[in-house]
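Take a look at the letters that make up each chain.
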Amino acid sequence: MTAPLLACRDLVCGYGRPVLEGVTFDVGPGEIVALLGGSGCGKSTLLRTITGLLPPLAGEVRVLGAPIYDLDAEARGQVLRRTGTAFQQDALFGSMTVADNIALPLRELTDLPEPVIREMVRMKLALVGLTGFERRAPASLSGGQRKRAALARATILDPDLVFCDEPSAGLDPVVAASIDAALLQLRAVLGMGLVIVTHELESIRAIADRAVMFGRGTLCAAGTIDELIASRDRDVYTFFHPRSA
Amino acid sequence: MPEPLTVEREPRSVRVHLHGDLALATARDVYARLQPIARRRGVRKVVVDFARAGRIDSSGVAVIGLVRSWCARHDKQLELASLDDRQRAALEMLPPPAAVVRRTLEEQVVEPVTALEVVGERVAGVASAAAALVALVAATLRQGVLVATRRRRLPAGSVGSQIVAMGFDGMFIVTLLAFLLGVTMGFQGVTQLQRLGAGVFVADMIGLSMVRELGPLIVAIILAGRTGAAIAAELGTMRVRSEIDALATMGIDPHRFLILPRLLAITVVGPGLTLIATFVGVFGGTLVASIALDMPMAAFWERIHERLAAGDFAHGLAKSLVFAWIIAIAGSHLGMRAEGDPTSVGQATTRAVVTSIFGIILFDAAFAVWGPG
Ligand SMILES: Nc1ncnc2c1ncn2[C@@H]1O[C@H](COP(=O)(O)OP(=O)(O)O)[C@@H](O)[C@H]1O
Ligand SMILES: [Mg+2]
C-alpha cells in the first residue's frame, strides 16, 4: 500500500488539558474514514489538530507524509494547500458571493486567468448540485446549500485529502443524503481521501469505508463499518444499535 | 518549463498535442496558447491530442471546458483524441445541463458555552494577550515585508476599498467636529485674549493647538470609534464564524489577507483626515475671530503662516500616524481574539474602542513629555 494520507501516532490533543489521548489511526489514499463519537467527545478538537490549527499536546500527526507541526508556517501552508477543510459551521465569507468564496483559494494561491477560475467554480458548483448559485450571498442559502458551497470551496484545488466536520448535522435526511451524494461524487471524480466527522448512522453506512470511534477520552474502536456493526463491545454496539440500548 | 503543447497545422484544422500534466501549474500557459488557436479564422476543426498528456486536474478540465464552449460558439468542431480512462473520467466533471436544486429550511446548531469556559477563557486571555499582540504585530510586519519584496501580494483592491470605507465614513463627521471645535476655540480665545488687549494672538493659539494637538486627537478619537470598532467587529465576526480558520487551512495568511490592508489603509486615512481636520478647525477658529475682532481673515492666516514651522506639521502628522496604528492594531488584535459566540464580538468591539483611546492618550502624554519638540 502507498503511504497514508493521514497518520496519527499516540496523539494527545486538547486545550492545555487533554481532550483525547492515545489516538492512532491512518487514512489511506481514496479512503473515506468516519470519526464517530458522542457530542463533546473531542472530534472537532482532533480535527483542529490534524488540520494544523491546534498543536498536539503529544504524539505525531503526518498529513500527506509531512509532520506538519515540525514545519515552519510557510512549509505547513504548502502541505495544507493540498488538503481541504469544510468546517462544522460552514465558514463561508459573508461579504462575498458564493462564487467568490469558492474562487478565493484560486485567486489567492494561483495565477490562473479569470475565465478558467470561473469555469472551475461552475464545475465544482455542478458537482455539489448548486448549478447557477454563483452570484448568491451565503446568507441567502439554506443550511444544506451552505454546507455544499463550503464543500465546493474545500475541494476547489483538487485536494488529496478533505476534512469535513459534521457535514449533515442539523439537516433533514433528504438534504443529508444529498450531501453524502456530493461527497461520493467528489471522491469518484477527484480520487481524494475523506475524513468525516458525523453522528448520522445512515450516512456512515452509505459512504464510509472505515470508522474510528472515540469515547471516554480515547480511541475506543476502529475498523470497517461491517466489523463495527458486528462488534460486541458495549459502547460500539450502543452506537450502532441505538434503539436496543 | 518544457513546452506544454505543440501545434500541428493542417489545411483547415489544427492539431494540438498536449505534453505532461494539464494541472494548476500549466493550466495558465495552455489556456493562453489554446485561446488564439481556437479563435483563429479558417480553422474549422480543433483536435486536442492527449496521447502524451499526463494527469488532468480541475483547472485542466476547466481549460478544456472553455475551449469546448468557444468552439461551439464559433461553429468549430472539437475533437479530444487519445484520451485514457482517467482523463476521460476527469473530463466528465464538466457540468451537465442545470440541475434541479431542492431547498430546505436551515437549522442552526448552537453549541452551549459553559460558565467554566467563560472564566477559563478570561484567565487564559489575560495571560496570553500580550504575547498574542506581539505575535500579531510581528506576523503582520513579516507579511508586509513579503508583500513589499513582491513575494506575496495583497488581495486585489483591498487597500483601496478600505481607504474608501474608512475615509469617506469619517470625512463628514471629522469636518463638522473640527469646524465646531475651531469655532469654540476661536470664540474662547477672543474673549480671553481681548481682555489683555492681545486679540490677534488668537491666531497663534488656534494654529498651534489645532496643528500639534487637537487635529490629530479629534481624528484619532473618531477613527477609534468608527474604524477601530469596525475592524474589531469584522475580524471578530470572521473569527467566530471560523472564517479565519478557513483562511488558515487554505494556507492563506490572515495577517496578510485581512490585517495588512487595514493597516495600510489607516496609514493613509489617519494623517489624511488629520490634515483636513486641522485646516477646517483653523478655518472655523479664524472665521469667528475675524468676525469678533472685525479683522480680515487673511490677517490671521498670515500670522499663522509666520508662526507655524514645518516642524509643527510634522509633529502633528507623526502623531496622527502613530494614533492610526494604535487603532488598527488594537482593533485587529481584539477582533482576532474574539472566540466562541457572537457576544464576544460585541465585547471585542467595545474593548477595541476603549483600549485604543486609552493608548492614544497615553502615547500623546508620553510624546508631549519625552518626544521631540
Ligand atoms: N476552544 C476551546 N477551549 C477549551 N476547551 C474547548 C474548546 N473547544 C472545545 N473545548 C472542549 O473540548 C471538548 C471537546 O469538544 P469538541 O471537540 O468540540 O467535541 P465534538 O466531539 O462534539 O466535536 C469539549 O469538552 C469542549 O468543551
Ligand atoms: Mg464538533
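Thresholds applied
- Residues numbered from 1 in each chain as written.
- Chains lettered and ligands numbered in written order.
- Predicted model: local features only at pLDDT ≥ 70, side-chain atom pairs only at ≥ 80, totals over all residues.
- Heavy atoms only, no water.
- Phe/Tyr/Trp six-rings, centres within 6.5 Å; stacked < 30°, edge-to-face > 60°.
- Buried < 20%, exposed > 50% of the residue type's maximum accessible area, 1.4 Å probe, protein only.
- Helix = DSSP H or I, 4+ residues; strand = E, 2+ residues; numbered from the N terminus.
- Contact = heavy atoms within 4.5 Å.
- Buried area = accessible area lost by both parts, 1.4 Å probe.
- Salt bridge = Lys/Arg side-chain N within 4 Å of Asp/Glu carboxyl O.
- Polar contact = N/O pair within 3.5 Å; in protein donor to acceptor, adjacent residues only side chain to side chain.

**Overview of the packing of aromatic side chains**
Two aromatic rings, taken as a pair, are described by how far apart their centres are and by the angle between their planes. Under the definition given, this model contains six aromatic pairs over all chains. On the basis of an interplanar angle of 70° and a centroid distance of 5.4 Å, the ring pair of Phe239(A) and Phe240(A) is categorised as edge-to-face. For the pair formed by Phe239(A) and Phe240(A), the shared burial category is buried. Aromatic pair Phe323(B) and Phe363(B): ring centres 6.0 Å apart, planes at 85°, arrangement edge-to-face. Highlighted residues: Phe323(B) in helix H10 (residues 310-336) and Phe363(B) in helix H11 (residues 343-370), separated in sequence by 40 residues. With a relative accessible area of 1%, Phe323(B) lands in the buried category. Given a relative accessible area of 24%, Phe363(B) falls into the partly exposed group.

**So, the side chain of Asp158(A)**
Here Asp158(A) lies in the loop between helix H5 (143-154) and strand E6 (161-165). A relative accessible area of 16% places Asp158(A) in the buried class.

**Description of the interface of chain B and chain A**
Counting from both sides, the interface comprises 45 residues of chain B and, opposite them, 57 residues of chain A. Summed over both partners, the interface of chain B with chain A comes to about 4,300 Å²; 59% of that surface belongs to carbon and sulfur atoms. If you look at where chain B meets chain A, you find four salt bridges. Linking Glu108(A) and Arg256(B) is a salt bridge whose minimum nitrogen-to-oxygen distance equals 3.0 Å. Our count for the chain B to chain A interface comes out at 12 residue pairs in polar contact (both at pLDDT 80 or more). For the side of chain B that touches chain A, the secondary structure elements donating two or more residues are helix H1 (24-39), helix H2 (58-73), helix H6 (202-240), helix H7 (243-249) and helix H8 (254-293) of chain B. At seven residues, H2(B) tops the list of elements feeding residues into the side of chain B that touches chain A.

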